[in-house]
Amino acid sequence: MKILVKSGKPDAIKTELLIIGLFEKEKFAYKVLDNKLKGRISKAMKEKKFEGEFKQLYSVSSLGLVLAEKILLVGLGKKKEFDIEKLRQVAGFTAKIARDGKADNFQTTLIETDIKGRDLSEKAQAVTEGMLLGLYKFTKYKTDKKDQPHKIKEAIIVTKEVVKVNKGVKKGIVLSEATNYVRDLVNTPAGDATPTYMANEAKKVAKKYGIKIKVLGKKEMEKKGMNAILGVSRGSSQEPKLVVMETNPTAKKKIALVGKGITFDSGGLDIKPSNYMLDMKSDMAGSAAVLGTVIAAAKLKLPINVLGVMVLSENMPGQSAQKPGDIITAYNKKTIEIVNTDAEGRLVLADAVAYAEEQNPTAIIDIATLTGSVVVALGYSAAGLISSDDKLKKALKESGEKTHERVWELPLWDEFREAVKGELADVRNLGKGKGYEAGTIVGATFIENFVKKTPWAHLDIGGTGWFVEPSDYIPKDGTGFGVRLLINFLENWK
Ligand code: BES
Ligand code: ZN
Ligand code: ZN
């Protein structure tokens, strides 16, 4: 779908469907339109057929009286409760109605909605995100044409301030396309989306957008002693890959983003029960989010070097698989007791963050579907944030609120550091004693052992990266979580 920004008056455009938002108790602003429609809209409002309740709908056929074929009123609820997130939701909700009605084009006036403290660019960005993210559907594997969603050709925005609106729309397009690309990667079955496939995707986009890229395979990892990654991949026939990208190698500021990329997590020898295993193609959502963020950062020409690291492997119980009780020596030379082979994310990340730190970034953020426990703590509403750096935490929290890709802090206390101390080796990959129960914190605390001195933050997207209940602009399954959050963070990081 194309988004066309045109200059002019909102009620003087030919379109199949004109979408207009209205708050509760708000008067209909487009008087000329209502007059031409012989007062049908004001009449419906007077008769309380439409009262502006959030997401309430009322449609009027124009019968040729105005240029729009149909007018769709959508309720915005109470003005004082409305914000940029609700705008994104309504934009997604109404775009899907236009699609279900098989419209070839529609016009939306939602960017005109009055939101305190938000300028036209921000509103245009939110509406664009709502529409493009809301219309996403994963149909790559459907062969029957009937199963392909109707394709709207264009969404039209009419405004007097084309430049401002265009700025927001353009940014919204970049972020939504990158997010939808992440969703595609996460939704692609593990049989296809192997570590090699993911690395090839990264190579493809790196070439397209002029991103520097290096891919380490098994041999290079063996030479470097990345035994934590190699250990996890031992039970699989698929070669592990470490993808390292740089958007701006000469820039002074460098931020490392490190993504967990387990393309399938069977649990290894500590095998998962079948109902827990089914969705584990999504265990590479962190690395997909890193790739999406790198693409968006390159397209937006952010004046900063984003060092994107994707650590890719399967976790399988093949005959060479690592065994519970094994001890391995990680890339940074610390020894690790493998207590549970299903706690593999922290193992691959141990080597990946240590490698990232050697490239001298000013901060490291890892993003990972690390634990199921994060769902117990925060549901599907926020990513777990664990860090010992106050500045990094504050910046990530602010970006989370702004983008509605929210994060919530969990504590990093000494008792958890105690819980991951090893008995035979330096550290263990499963918490001992009572510390065991705070699974999300324990996982993060383990990773902390592999960062020496660089400010570091961990984002657990076990709940937010994959979700089975769709909402207005988030489809079921792969959510694409992280791109909008991390781009906002990168834009504001000083
Ligand atoms: N990939 C899983 C975590 C996960 C589970 C993410 C469900 C999203 C949904 C991870 O590798 C794992 O298995 N974690 C275990 C750790 C445990 C063995 C210490 C968990 O969270 O149960
Ligand atoms: Zn696991
Ligand atoms: Zn996992």
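Preceding this paragraph is the structure being described.
Cut-offs used in this document
Residues numbered from 1 in each chain as written. Chains lettered and ligands numbered in written order. Predicted model: local features only at pLDDT ≥ 70, side-chain atom pairs only at ≥ 80, totals over all residues. Heavy atoms only, no water. Phe/Tyr/Trp six-rings, centres within 6.5 Å; stacked < 30°, edge-to-face > 60°. Helix = DSSP H or I, 4+ residues; strand = E, 2+ residues; numbered from the N terminus. Buried < 20%, exposed > 50% of the residue type's maximum accessible area, 1.4 Å probe, protein only. Lys NZ or Arg CZ within 6 Å of the ring centre and 35° of its normal. Donors = N, O, S within 2.8 Å, 3.2 Å for Na, K, Ca; no water. Tetrahedral: all angles 85-135°; square planar, octahedral: opposite > 155°, others 65-115°.

A.B. asks: Looking at this model, I keep getting lost on the packing of aromatic side chains. Mind explaining?
C.D. replies: Aromatic ring pairs are reported here in terms of the distance separating the ring centres and the angle at which the planes meet. All told, the structure shown has eight aromatic pairs when counted by the stated rule. Measuring from centroid to centroid gives 5.4 Å for Phe-23 and Phe-82, while their planes differ by 80 degrees, and the two rings are edge-to-face. Of this pair, Phe-23 sits in strand β2 (residues 15–23) while Phe-82 sits in the loop between β4 (68–77) and α3 (84–100); the two residues are 59 residues apart in sequence, bridging distant segments of the chain. Residue classification places Phe-82 among the buried residues on the basis of a relative accessible area of 7%. Residues Phe-138 and Tyr-141 carry aromatic rings whose centres are separated by 6.0 Å and whose planes lie at 50 degrees to one another, so their mutual orientation is tilted. Since its relative accessible area comes to 27%, Phe-138 is described here as partly exposed. For the cation-ring pair, Lys-55 lies above Phe-93, with the distance from its terminal atom to the ring centre recorded as 5.0 Å. The ring of Phe-54 carries the charged tip of Lys-86 above its face, separated from the ring centre by 5.7 Å.

A.B. asks: Is there a simple way to think about the coordination of the zinc ion (ligand 3) in this case?
C.D. replies: For a metal with four tetrahedral donors the ideal donor-metal-donor angle is 109.5 degrees, whereas six octahedral donors ideally subtend 90 or 180 degrees. The protein atoms donating to the zinc ion (ligand 3) are Lys-260 (NZ), Asp-265 (OD), Asp-283 (OD) and Glu-344 (OE), with metal-donor distances spanning 1.9 to 2.4 Å. Of note is the zinc ion (ligand 3), whose six donor atoms meet at the metal with angles of 78 to 172 degrees in an arrangement that counts as octahedral. Between the two metal centres, the zinc ion (ligand 3) and the zinc ion (ligand 2), the spacing is 3.2 Å, with Asp-265 acting as a shared donor. Separated by 18 residues along the polypeptide, Asp-265 in strand β9 (residues 254–265) and Asp-283 in the loop between α9 (274–277) and α10 (285–299) bring together distant segments of the chain. Note on Asp-283: relative accessible area 2%, which makes it buried.

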